[in-house]
Amino acid sequence: MNKVFALITTYQPDIKSLKALVENLSNQADFIVISNNSNFDISAEELIVGNAIHVINFGKNLGIAEAQSIGMKWAFENGADFILQMDQDSTPHENMVQQLIKCYLDMKRAGLNPGLIGVQDYDKVTGEVNKARVKKGTLISDDYYDVDSTLSSGSLIPKIAWEKIGGMRDDLFIDAVDHEYCWRLRHAGFKVIRNKNALLAHRLGDGRFKIMNLISVGMPSPFRHYYATRNIFILLKEKHVPLFWKVSSLIKLSGKLVFYPIFLPKGKQRFSFFLKGIRDGLAGRSGMMK
């Protein structure tokens, strides 16, 4: 059996856009689960997909990690062979799930041990394909790459992987949740594969910003700097986290501390979140920002 449950983790979503995503996924997945971190409830009836949907309303923001973990547990305990992680702002191509399943089966036939199959994402506004600048992964075939980590949205996770390593790390709350899960999978002996034919339109934060019209950088909301910074220091202590990521993250952080407050909008606010993230990370604080 290859029963796929799509898990959409939401936070204050636009219901019209969410409905469009649900309709898209209802043509590709067997069942849809929504883990709703919003301060308002979502009903299955307003999304009009019949009985093939289950909505878990938390009434507050638990963080993407805990919401995903709860949704994964419900899906696998209620008949899923795979879960498909989805962000509310992503748009899958019509054959994305088919491509993910094909890749999984191809990897199994090749004698590999796939624990997660990821997509090739691109910016839904600019159309720019997201490609790693340094750690591009190892080419397995013309279409598949063995990678260290990949985007959570659009990732296909088999039940066997979840049974071995569990869900996401709730203490991370938001940032690095997807990367840490991939690293934990690899540490447990699974492969993380990216299929370049499984396409997903995606958008990170507020898009990209050019510093001095030379360097293009991602521009998240200022508060996200807190979680991204804090979680670097939390993950520095973990043996399963690659040394390359630890070193490169600290180097990048030092550059961001200098340039982001000067050149990006809301620079002073960003700087304060950077400092708070460093302070709480060194103190070992986790979960939601206090």
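Report follows, based on the coordinates.

Each value, and the rule that gives it
- Residues numbered from 1 in each chain as written.
- Predicted model: local features only at pLDDT ≥ 70, side-chain atom pairs only at ≥ 80, totals over all residues.
- Heavy atoms only, no water.
- Helix = DSSP H or I, 4+ residues; strand = E, 2+ residues; numbered from the N terminus.
- Rg over C-alpha atoms; globule rule 2.2 N^0.38 Å.
- Buried < 20%, exposed > 50% of the residue type's maximum accessible area, 1.4 Å probe, protein only.
- Areas by Shrake-Rupley, 256 points an atom, 1.4 Å probe, with all protein chains shown as cover.
- Lys, Arg positive; Asp, Glu negative; His and termini not counted.
- Charge placed at Lys NZ, Arg CZ, Asp CG, Glu CD.
- 1 Å grid on protein atoms, 1.4 Å probe; cavity = no way out; pocket = protein on both sides within 12 Å on 5 of 7 lines; lining within 4 Å.
- Points joined across faces, edges and corners; volume = space filled by probe spheres on them.
- Nonpolar A, V, L, I, M, F, W, Y, C, P; charged D, E, K, R; others polar.
- Contact = heavy atoms within 4.5 Å.
- Pairing = 2+ DSSP bridges.
- Phe/Tyr/Trp six-rings, centres within 6.5 Å; stacked < 30°, edge-to-face > 60°.
- Salt bridge = Lys/Arg side-chain N within 4 Å of Asp/Glu carboxyl O.
- Core = buried A, V, L, I, M, F, W, Y, C linked by side-chain atoms within 4.5 Å.
- Disulfide = S-S within 2.5 Å.

### Here we look at the overall build of the chain
Along its length, the chain carries 8 helices and 12 strands. What you see for the chain is a C-alpha radius of gyration of 19 Å, in line with the 19 Å of a compact globule of 290 residues. Projected onto the principal axes, the alpha-carbon positions of the chain cover approximately 50 × 45 × 35 Å. Taken over 290 residues, the chain has a buried fraction of 49%. Summing over all exposed atoms, the chain offers an accessible surface of approximately 14,100 Å²; the carbon and sulfur share of this is 54%. In the chain, which carries 38 positive and 29 negative side-chain charges, the distance between the mean positions of the two groups comes to 8 Å.

### Focus on the layout of surface pockets
If you add up the space inside the second largest pocket, you get close to 170 Å³. The wall of the second largest pocket is formed by Q120, N130, K131, A132, K136, Y145, R194 and K196. Looking at side-chain class alone, the lining of the second largest pocket contains 2 nonpolar, 2 polar and 4 charged residues.

### Some details on the side chain of T9
Structurally, the position occupied by T9 is in strand β1 (residues 4-10). Non-local contacts of T9, meaning those with residues more than four positions away in its chain, are made with S35, N37, I64, A67, Q68, M86, D87 and Q88.

### Notes on the pairing of strand β10 (residues 191-202)
Taken residue by residue, a regular strand's side chains alternate between the two faces of the sheet. Direction of pairing for strand β5 (residues 91-92) relative to β10: antiparallel, over a ladder of 2 bridges. By the bridge assignment, P92 is partnered in β10 with L200. Two strands pair when backbone bridges link them, and strand β6 (residues 114-123) and β10 are joined in this way by 8 bridges, in the parallel orientation. Directly across from D121, in β10, lies its bridge partner L200.

### Considerations on the packing of aromatic side chains
Aromatic rings considered in pairs are described by the distance between their centres and by the relative angle of their planes. What the rule picks out here adds up to 10 aromatic pairs. Taken together, the ring pairs connect F173, F223, Y226 and Y227 into an aromatic cluster.

### Looking at the pattern of salt bridges
For side chains bearing opposite charge, pairing can occur when the charged atoms are close. A complete count under the given rule lists 12 salt bridges for this structure. The partner of R169 in a salt bridge is D171, and the shortest N-O contact between them spans 2.7 Å. Its relative accessible area of 17% is what places R169 among the buried residues. With relative accessibility at 24%, the residue D171 sits in the partly exposed group. Residue R285 pairs with D280 through a salt bridge whose shortest N-O separation is 2.8 Å.

### As for unusual backbone geometry
Although it is not a glycine, A176 sits at a positive phi angle of roughly 70°. With respect to the helices and strands, A176 occurs in the loop between α4 (159-165) and α5 (177-187). The phi angle at K266 is positive, at roughly 60°, despite the residue not being glycine. Within the secondary structure, K266 sits in the loop between α7 (243-263) and α8 (267-283).

### So, the side chain of D87
On the secondary structure map, D87 appears in strand β4 (residues 82-87). The residues contacting D87, other than those within four sequence positions of it, are I8, T9, L21, I64, S153 and H202.

### Here's the deal with the environment of P261
Among the secondary structure elements, P261 is positioned in helix α7. Non-local contacts of P261, meaning those with residues more than four positions away in its chain, are made with K256, G267, K268 and F271.

### Digging into the nonpolar core
Among the nonpolar cores identified, the biggest contains 42 residues, and M72, I83, I157, Y181 and L185 are the most heavily contacted of them. Looking at this core, the elements with two or more residues in it are β1, β2 (31-36), α2 (64-77), α4, α5, α6 (224-235), α7 and α8. Every residue in contact with I83, bar those within four places of it in the chain, is listed here: F5, M72, A75, F76, S155, L156 and I157. In terms of nonpolar packing, the next biggest core, distinct from the first, is built from 32 residues, L25, M107, L151 and L200 among them.

### Re the state of the cysteines
Per the stated rule, a full pass over the model turns up 0 disulfides. The thiol of C103 is not disulfide-bonded; the next cysteine sulfur, from C182, is found 13 Å away. Among the residues examined, C103 registers a relative accessible area of 0% and is labelled buried.

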